[in-house]
Amino acid sequence: MARRLAEAALQARENAYCPYSGFAVGAALLTADGKLYTGVNVENAAFGPTNCAERTAFFTAVAAGERDFTAIAIAGGKANEAAKDFCAPCGVCRQVMREFCRDDFQIILAKPDAVRVFALKELLPESFSPDNLNGQE
Ligand SMILES: O=c1ccn([C@H]2C[C@H](O)[C@@H](CO)O2)c(=O)[nH]1
Ligand SMILES: [Zn+2]
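Residues numbered from 1 in each chain as written. Chains lettered and ligands numbered in written order. Predicted model: local features only at pLDDT ≥ 70, side-chain atom pairs only at ≥ 80, totals over all residues. Heavy atoms only, no water.

With respect to the pattern of salt bridges
And step 1. Scanning the model with the defined rule gives six salt bridges in all.
And step 2. With its nearest N and O atoms 2.8 Å apart, the salt bridge here joins K35 to E66. One end of the pair, K35, is in the loop between strand 1 (23-31) and strand 2 (36-40); the other, E66, is in the loop between helix 2 (53-63) and strand 3 (69-78), with 31 residues separating them in the sequence.
And step 3. The exposure class assigned to K35 is partly exposed, which follows from its relative accessible area of 39%.
And step 4. Linking D104 and R102 is a salt bridge whose minimum nitrogen-to-oxygen distance equals 3.5 Å.
And step 5. Residue classification places D104 among the partly exposed positions, given a relative accessible area of 40%.
And step 6. Look at the salt bridges and you will find they share partners, linking D33, K35 and E66 into a network. (Salt bridge = Lys/Arg side-chain N within 4 Å of Asp/Glu carboxyl O. Helix = DSSP H or I, 4+ residues; strand = E, 2+ residues; numbered from the N terminus. Buried < 20%, exposed > 50% of the residue type's maximum accessible area, 1.4 Å probe, protein only.)

Details of the pairing of strand 5 (residues 114-119)
And step 1. Pairing analysis gives six bridges linking strand 4 (residues 106-111) to strand 5, with the strands arranged antiparallel. Considered in strand 5, the bridge of Q106 is made with A119.
And step 2. Hairpin connection from strand 4 to strand 5: two residues lie between these consecutive antiparallel strands. (Pairing = 2+ DSSP bridges.)

Quick look at the site of ligand 1
And step 1. Near ligand 1 you find 13 residues, and of these N41, E43, C52, A53 and E54 are the closest.
And step 2. With respect to ligand 1, the side chain of N41 contributes an N or O atom lying 3.0 Å from an oxygen atom.
And step 3. Starting from 370 Å² of accessible surface for ligand 1 in isolation, the protein chains cover 77%.
And step 4. Broken down by secondary-structure element, the contributors of at least two residues to the shell around ligand 1 are strand 1 and helix 2.
And step 5. Of the residues in the shell around ligand 1, the class split is eight nonpolar, three polar and two charged. (Near = heavy atom within 4 Å. Polar contact = N/O pair within 3.5 Å; in protein donor to acceptor, adjacent residues only side chain to side chain. Areas by Shrake-Rupley, 256 points an atom, 1.4 Å probe, with all protein chains shown as cover. Nonpolar A, V, L, I, M, F, W, Y, C, P; charged D, E, K, R; others polar.)

Brief notes about the coordination of the zinc ion (ligand 2)
And step 1. Distances from the zinc ion (ligand 2) to its protein donors, C52 (SG), C90 (SG) and C93 (SG), fall within 2.2 to 2.4 Å.
And step 2. Here the donor residues of the zinc ion (ligand 2) share one chain and are spaced in sequence as C-x37-C-x2-C. One end of the pair, C52, is in the loop between strand 2 and helix 2; the other, C93, is in helix 3 (residues 91-100), and 41 residues separate them in sequence.
And step 3. What makes C93 buried here is its relative accessible area of 1%. (Donors = N, O, S within 2.8 Å, 3.2 Å for Na, K, Ca; no water.)

Here it is as structure tokens:
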């Protein structure tokens, strides 16, 4: 499972729109019923509107009606080169994951030759979540 998702993230990365940073990121998000949604970072001349690959994948899936997710793979690095280092999700994307995912959601960091797998609770401990607003925490 990790390897299949990693390959999808590496492939998606080729469509990253990153003329300003030159840092291309791809993500592949797996739903509980086995569907795959990909995303890339989409930059903007005004910088602030830039969307990360992870959030692009989440927002595309949510817009298609998905709400139940199992794992996401992420691959990032200098554009037009193979990803050399693992690329961990930024804090904003971790919080977006927490909106839709339980704390055992898997985050797979991908390179062509290796993966590292974390649970969301490891990358976003003591998180603020919808449970706080629902009075369940
Ligand atoms: O996990 C990450 C980290 C960075 N970026 C994007 C944002 C920006 O376009 C570029 C450099 O930060 O990489 C992502 O898409 N995901
Ligand atoms: Zn991000």
